[in-house]
Amino acid sequence: MNSKQVVSTTKAPAAIGPYSQGVKVDDFLFISGQLPIDPATGALVQNDISIQTRRALDNLKAVVEACDLHMPDIVKVTVYLMDMDDFNSMNEVYKEFFTIDYPARIAVQVARLPKNALVEIDAIAVKQ
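To keep things clear, this report deals only with the structure shown in the data block. Everything numeric here is computed off the predicted structure, so don't read it as measured data. (Residues numbered from 1 in each chain as written. Predicted model: local features only at pLDDT ≥ 70, side-chain atom pairs only at ≥ 80, totals over all residues. Heavy atoms only, no water.)

**Points about the pairing of strand β5 (residues 104-109)**
Across six bridges, strand β4 (residues 74-81) lies against β5 in parallel orientation. Bridging across to β5, Tyr80 finds its partner in Val108. One crossover worth recording links β4 to the parallel β5 by way of helix α2 (residues 87-97), and it is right-handed. (Pairing = 2+ DSSP bridges. Helix = DSSP H or I, 4+ residues; strand = E, 2+ residues; numbered from the N terminus. Right-handed = clockwise from strand over helix to strand, strands pointing away.)

**Overview of the sheet that holds β4**
Overall, mixed pairing links the six strands, which are arranged β1-β2-β3-β6-β4-β5 in an open sheet. Of all strands in the sheet, those bounded by a partner on one side alone are β1 (4-7) and β5. Across this sheet, the average inter-strand angle for adjacent strands is 10 degrees, counted without regard to direction. Packed onto the sheet, α2 meets β4 and β5 and runs at close to 150 degrees relative to β5. (Axes fitted to C-alpha atoms, helices over the stretch in contact; angles between N-to-C directions. Contact = heavy atoms within 4.5 Å.)

**Focus: empty space enclosed by the protein**
Evaluation of the coordinates by the stated rule reveals one cavity of 30 Å³ or more. Taken as a whole, the largest cavity encloses approximately 70 Å³ of empty space. Lining of the largest cavity is provided by Pro13, Ala14, Ala15, Ile16, Tyr19, Gln21, Gly33, Gln34, Leu35 and Ile37. (1 Å grid on protein atoms, 1.4 Å probe; cavity = no way out; pocket = protein on both sides within 12 Å on 5 of 7 lines; lining within 4 Å. Points joined across faces, edges and corners; volume = space filled by probe spheres on them.)

**Quick word on the environment of Tyr80**
Tracing the chain through its elements places Tyr80 in strand β4. Taking the C-alpha atoms as reference, Tyr80 lies 5.9 Å from Ala107; in sequence the two are 27 residues apart. Excluding residues that lie within four positions of it along the chain, Tyr80 makes contacts with Val108, Val110, Leu113, Leu118, Val119, Glu120 and Asp122. One polar contact links Tyr80 to Asp122, side chain to side chain, over a distance of 3.1 Å. (Polar contact = N/O pair within 3.5 Å; in protein donor to acceptor, adjacent residues only side chain to side chain.)

**Section: the packing of aromatic side chains**
The geometry of an aromatic ring pair comes down to the distance between the two centres and the angle between the two planes. Taken as a whole and assessed by the stated rule, the structure comprises two aromatic pairs. Relative to Phe30, the ring of Phe28 lies with its centre 6.2 Å away and its plane at 20 degrees, an arrangement referred to as stacked. For Phe28, a relative accessible area of 40% corresponds to the partly exposed category. Residue Phe30 is classed as partly exposed on the basis of its relative accessible area, which comes to 38%. Here the basic side chain of Arg105 rests over the ring of Tyr94, its NZ or CZ set 4.5 Å away from the ring centre. (Phe/Tyr/Trp six-rings, centres within 6.5 Å; stacked < 30°, edge-to-face > 60°. Buried < 20%, exposed > 50% of the residue type's maximum accessible area, 1.4 Å probe, protein only. Lys NZ or Arg CZ within 6 Å of the ring centre and 35° of its normal.)

Now the structure itself:
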């Protein structure tokens, strides 16, 4: 029988809609898209792709750690970019969070993101 547990932490921004920050099912953690929102203020951080990528990944990391998992436990990442010209700058910050055994990933350009963010990142982690 599968066990489903909603994951929530104050170290990441609260959901801005009817969804959970994450959902853990058995050894899998499904992390909702993390926007570059400062969890302390609820505000979008500075309009700079590097700063926004770092904040989104810090938020993602907070949800992962709320389940006693770690960034190397992430197996799949999706990066949503407002502008594919930001790909290289996003990657420079991304590789600070994923240093070995990179997860599978897709990066796509989208028409618009909530709060007009430049980036949003979701992931799937598996307990090792």
